[in-house]
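# Summary of the model geometry
Read off the chains here:
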Amino acid sequence: KTQQDDFKKIPGSPVAYWVSDNKRKMFSELKSIGEFAEARQGMATSDNNRFLRFWHEVDISQAKFGAEDADDALSSGKKWFPYNKGGSFRKWWGNQEYLINWEFNGKEVLDYAASLYGSPTRTIKSINYYFKPSVGWSFVSSSYFGVRVYPKGFLFDVGGSSVFPSPERIEQVAGFLCSDLAPEL
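Residues numbered from 1 in each chain as written. Predicted model: local features only at pLDDT ≥ 70, side-chain atom pairs only at ≥ 80, totals over all residues. Heavy atoms only, no water.

In strand β6 (residues 147-150), alternate side chains face the same way, and those of Val-147 and Val-149 on one face and Arg-148 and Tyr-150 on the other are all buried. With 4 bridges joining them, strand β5 (residues 134-137) and β6 adopt antiparallel strand pairing. Its bridge partner lying in β6, Gly-136 is registered against Arg-148. (Buried < 20%, exposed > 50% of the residue type's maximum accessible area, 1.4 Å probe, protein only. Helix = DSSP H or I, 4+ residues; strand = E, 2+ residues; numbered from the N terminus. Pairing = 2+ DSSP bridges.)

Next up, the structure:
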(Lines give C-alpha, C1' and ligand atoms only; values in the text may rest on other atoms or scores of the structure.)
Protein backbone atom coordinates (compact mmCIF):
# COMPACT_ATOMS: atom_id res chain seq x y z
CA LYS A 1 0.00 0.00 0.00
CA THR A 2 1.33 3.45 -0.92
CA GLN A 3 1.22 6.15 1.72
CA GLN A 4 0.76 9.76 0.56
CA ASP A 5 3.83 10.90 2.50
CA ASP A 6 5.96 8.44 0.52
CA PHE A 7 5.59 10.66 -2.56
CA LYS A 8 7.37 13.47 -0.71
CA LYS A 9 10.54 11.35 -0.79
CA ILE A 10 10.72 11.80 -4.57
CA PRO A 11 11.95 15.24 -5.75
CA GLY A 12 8.97 17.29 -6.91
CA SER A 13 6.61 14.89 -5.12
CA PRO A 14 5.07 13.34 -8.26
CA VAL A 15 2.16 10.97 -7.91
CA ALA A 16 4.08 7.88 -8.95
CA TYR A 17 1.99 5.04 -7.55
CA TRP A 18 3.98 2.53 -9.64
CA VAL A 19 7.27 3.30 -7.83
CA SER A 20 8.38 0.34 -5.78
CA ASP A 21 9.36 0.65 -2.13
CA ASN A 22 13.00 0.04 -3.12
CA LYS A 23 12.99 2.90 -5.63
CA ARG A 24 11.29 5.23 -3.17
CA LYS A 25 13.95 4.25 -0.64
CA MET A 26 16.67 5.18 -3.16
CA PHE A 27 15.32 8.74 -3.34
CA SER A 28 15.33 9.14 0.42
CA GLU A 29 18.60 7.37 1.27
CA LEU A 30 20.99 7.92 -1.62
CA LYS A 31 22.62 11.12 -2.82
CA SER A 32 21.09 12.88 -5.79
CA ILE A 33 23.10 13.46 -8.94
CA GLY A 34 22.93 17.16 -8.11
CA GLU A 35 25.33 16.51 -5.24
CA PHE A 36 27.95 15.29 -7.74
CA ALA A 37 27.33 17.48 -10.76
CA GLU A 38 25.66 20.67 -11.92
CA ALA A 39 23.24 20.51 -14.85
CA ARG A 40 23.28 23.47 -17.20
CA GLN A 41 21.44 24.62 -20.29
CA GLY A 42 23.65 25.71 -23.15
CA MET A 43 23.41 28.56 -25.60
CA ALA A 44 20.99 29.34 -28.38
CA THR A 45 22.98 31.17 -31.07
CA SER A 46 19.79 32.53 -32.69
CA ASP A 47 21.42 31.87 -36.09
CA ASN A 48 23.05 28.46 -36.39
CA ASN A 49 23.60 28.90 -40.14
CA ARG A 50 25.78 31.89 -39.38
CA PHE A 51 27.77 30.56 -36.42
CA LEU A 52 27.99 26.77 -36.75
CA ARG A 53 29.85 24.58 -39.22
CA PHE A 54 30.48 20.89 -39.69
CA TRP A 55 34.08 19.85 -39.14
CA HIS A 56 34.77 19.39 -42.85
CA GLU A 57 33.57 22.92 -43.69
CA VAL A 58 36.31 24.87 -41.91
CA ASP A 59 40.03 25.34 -42.30
CA ILE A 60 41.23 22.95 -39.60
CA SER A 61 44.21 25.20 -38.90
CA GLN A 62 41.70 27.74 -37.57
CA ALA A 63 40.19 25.25 -35.09
CA LYS A 64 41.22 24.78 -31.47
CA PHE A 65 40.64 21.46 -29.74
CA GLY A 66 41.00 20.83 -26.03
CA ALA A 67 40.96 24.46 -24.88
CA GLU A 68 41.32 24.56 -21.10
CA ASP A 69 39.20 27.69 -20.62
CA ALA A 70 38.23 31.01 -22.18
CA ASP A 71 41.73 32.46 -21.70
CA ASP A 72 43.29 29.49 -23.49
CA ALA A 73 40.75 29.81 -26.30
CA LEU A 74 41.39 33.53 -26.69
CA SER A 75 45.18 33.23 -26.61
CA SER A 76 45.06 30.48 -29.26
CA GLY A 77 43.96 33.03 -31.86
CA LYS A 78 41.64 30.38 -33.33
CA LYS A 79 38.14 30.92 -34.66
CA TRP A 80 36.44 27.50 -34.47
CA PHE A 81 35.83 25.40 -31.35
CA PRO A 82 34.03 22.06 -30.78
CA TYR A 83 30.32 22.42 -30.09
CA ASN A 84 27.93 19.95 -28.45
CA LYS A 85 24.60 20.38 -30.20
CA GLY A 86 22.92 17.21 -28.99
CA GLY A 87 21.89 15.05 -31.92
CA SER A 88 20.60 11.55 -32.45
CA PHE A 89 20.45 8.84 -29.81
CA ARG A 90 23.91 7.65 -28.95
CA LYS A 91 25.37 6.42 -25.69
CA TRP A 92 28.82 7.03 -24.22
CA TRP A 93 30.50 9.05 -27.01
CA GLY A 94 29.69 10.78 -30.26
CA ASN A 95 27.59 13.52 -31.82
CA GLN A 96 30.69 15.68 -32.01
CA GLU A 97 29.89 17.05 -35.45
CA TYR A 98 29.88 20.80 -35.07
CA LEU A 99 32.24 23.69 -34.55
CA ILE A 100 31.20 27.17 -33.45
CA ASN A 101 32.70 30.53 -34.33
CA TRP A 102 33.93 31.53 -30.87
CA GLU A 103 36.71 33.82 -32.05
CA PHE A 104 37.61 36.54 -29.54
CA ASN A 105 35.63 34.67 -26.85
CA GLY A 106 32.47 34.68 -28.91
CA LYS A 107 32.38 38.38 -29.71
CA GLU A 108 30.31 37.97 -32.88
CA VAL A 109 27.84 35.53 -31.26
CA LEU A 110 27.48 37.69 -28.14
CA ASP A 111 27.11 40.92 -30.14
CA TYR A 112 24.44 39.33 -32.31
CA ALA A 113 22.47 38.11 -29.28
CA ALA A 114 22.74 41.56 -27.67
CA SER A 115 21.45 43.21 -30.85
CA LEU A 116 18.41 40.93 -30.88
CA TYR A 117 17.55 40.76 -27.19
CA GLY A 118 19.31 43.67 -25.49
CA SER A 119 21.48 41.30 -23.49
CA PRO A 120 23.68 38.48 -24.76
CA THR A 121 23.05 36.30 -21.71
CA ARG A 122 19.36 35.99 -22.51
CA THR A 123 20.26 33.24 -25.00
CA ILE A 124 23.97 32.65 -24.46
CA LYS A 125 23.76 30.67 -21.22
CA SER A 126 26.25 29.13 -18.79
CA ILE A 127 29.35 30.81 -20.24
CA ASN A 128 31.48 29.94 -17.22
CA TYR A 129 30.93 26.22 -18.04
CA TYR A 130 32.25 26.43 -21.59
CA PHE A 131 35.33 24.30 -22.26
CA LYS A 132 34.82 22.10 -19.17
CA PRO A 133 34.51 18.32 -19.57
CA SER A 134 30.89 17.22 -19.30
CA VAL A 135 28.26 14.57 -19.81
CA GLY A 136 25.71 15.75 -22.36
CA TRP A 137 22.40 14.59 -23.76
CA SER A 138 20.02 15.59 -26.51
CA PHE A 139 17.22 17.87 -25.43
CA VAL A 140 14.78 16.32 -27.89
CA SER A 141 14.74 12.61 -28.64
CA SER A 142 12.26 10.32 -30.33
CA SER A 143 14.21 7.44 -28.89
CA TYR A 144 15.78 6.51 -25.59
CA PHE A 145 17.76 8.70 -23.21
CA GLY A 146 21.40 8.58 -24.21
CA VAL A 147 24.25 10.52 -22.69
CA ARG A 148 27.75 11.08 -23.98
CA VAL A 149 31.03 12.20 -22.50
CA TYR A 150 32.46 15.43 -23.91
CA PRO A 151 36.10 16.18 -23.17
CA LYS A 152 37.43 19.60 -22.28
CA GLY A 153 37.29 22.17 -25.03
CA PHE A 154 33.60 21.99 -25.98
CA LEU A 155 30.97 24.70 -25.84
CA PHE A 156 27.38 23.48 -25.68
CA ASP A 157 23.96 24.20 -27.11
CA VAL A 158 20.49 24.32 -25.59
CA GLY A 159 19.87 21.11 -27.59
CA GLY A 160 22.96 19.55 -26.01
CA SER A 161 22.40 20.37 -22.38
CA SER A 162 25.06 19.03 -20.06
CA VAL A 163 25.93 18.06 -16.53
CA PHE A 164 29.31 18.98 -15.09
CA PRO A 165 30.70 16.57 -12.52
CA SER A 166 34.23 16.89 -11.17
CA PRO A 167 36.70 15.36 -13.66
CA GLU A 168 37.23 12.27 -11.50
CA ARG A 169 33.46 11.58 -11.54
CA ILE A 170 32.80 11.97 -15.29
CA GLU A 171 32.81 8.22 -15.97
CA GLN A 172 30.68 7.45 -12.89
CA VAL A 173 28.01 9.96 -13.86
CA ALA A 174 28.04 8.83 -17.51
CA GLY A 175 27.86 5.21 -16.41
CA PHE A 176 24.87 5.81 -14.17
CA LEU A 177 23.04 7.93 -16.76
CA CYS A 178 23.66 5.25 -19.43
CA SER A 179 22.31 2.51 -17.14
CA ASP A 180 18.87 0.97 -17.46
CA LEU A 181 17.96 2.40 -14.04
CA ALA A 182 18.49 6.10 -14.87
CA PRO A 183 15.63 6.50 -17.37
CA GLU A 184 13.29 4.73 -14.96
CA LEU A 185 14.11 7.19 -12.22
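You will see that Phe-104, though not glycine, has its phi angle at about 55°, which is positive. Along the chain, Phe-104 turns up in helix α4 (residues 103-117). Residue classification places Phe-104 among the exposed residues on the basis of a relative accessible area of 57%. Of note in this structure, Phe-131 is not a glycine but carries a positive phi near 80°. Mapped onto the elements, Phe-131 comes out in the loop between α4 and β5.

This paragraph deals with the packing of aromatic side chains. All chains considered together, the criterion is met by 9 aromatic pairs. Ring centres 5.5 Å apart and planes at 80° place the aromatic pair Trp-102 and Tyr-130 in the edge-to-face group. With Trp-102 in the loop between β4 (98-101) and α4 and Tyr-130 in the loop between α4 and β5, this pair connects stretches of sequence that are 28 residues apart. Each of the two residues, Trp-102 as well as Tyr-130, counts as buried. (Phe/Tyr/Trp six-rings, centres within 6.5 Å; stacked < 30°, edge-to-face > 60°.)

Turning to the nonpolar core, a few remarks are in order. By size, the foremost hydrophobic cluster in this structure holds 20 residues, and its most contacted members are Met-43, Ile-100, Trp-102, Ile-124, Tyr-130, Phe-131 and Leu-155. When residues of this core are traced back to their parent elements, those giving at least two are β3 (80-84), β4, α4 and β7 (155-156). Beyond its immediate chain neighbours, meaning those up to four positions away, Leu-155 contacts Met-43, Phe-81, Pro-82, Tyr-83, Asn-84, Ile-100, Trp-102, Tyr-130 and Phe-131. With 12 residues, the next largest nonpolar core counts Val-135, Trp-137, Val-163 and Val-173 among its residues. (Core = buried A, V, L, I, M, F, W, Y, C linked by side-chain atoms within 4.5 Å. Contact = heavy atoms within 4.5 Å.)

The next subject is the sheet that holds strand β8 (residues 162-165). Here we have 4 strands laid out as an open sheet, ordered β1-β8-β5-β6, and antiparallel in their pairing. Each edge of the open sheet is held by one strand with a lone partner, namely β1 (37-40) and β6. Averaged over all neighbouring strand pairs, the angle between strand axes comes to 25°, with direction disregarded. Of the pairings in the sheet, the one linking β5 to β8 comprises 2 bridges and is antiparallel in character. If you follow Gly-136 over to β8, its bridge partner there is Ser-162. (Axes fitted to C-alpha atoms, helices over the stretch in contact; angles between N-to-C directions.)

As a further point, take the sheet that holds strand β2 (residues 52-54). With mixed pairing, 4 strands are arranged side by side in an open sheet as β2-β4-β3-β7. The two strands at the open ends of the sheet, each matched to only one other strand, are β2 and β7. In terms of strand pairing, β3 meets β7 through 2 bridges, oriented parallel. Within β7, the position partnered with Asn-84 by the bridge is Phe-156.

Here β4 shows two buried faces, one formed by Tyr-98 and Ile-100 and the other by Leu-99 and Asn-101. Pairing between β2 and β4: 3 bridges, direction antiparallel. In the sheet register, Phe-54 faces β4, and the bridge partner there is Tyr-98. Two strands pair when backbone bridges link them, and β3 and β4 are joined in this way by 4 bridges, in the antiparallel orientation. Along β4, the bridge assignment pairs Tyr-83 with Tyr-98.

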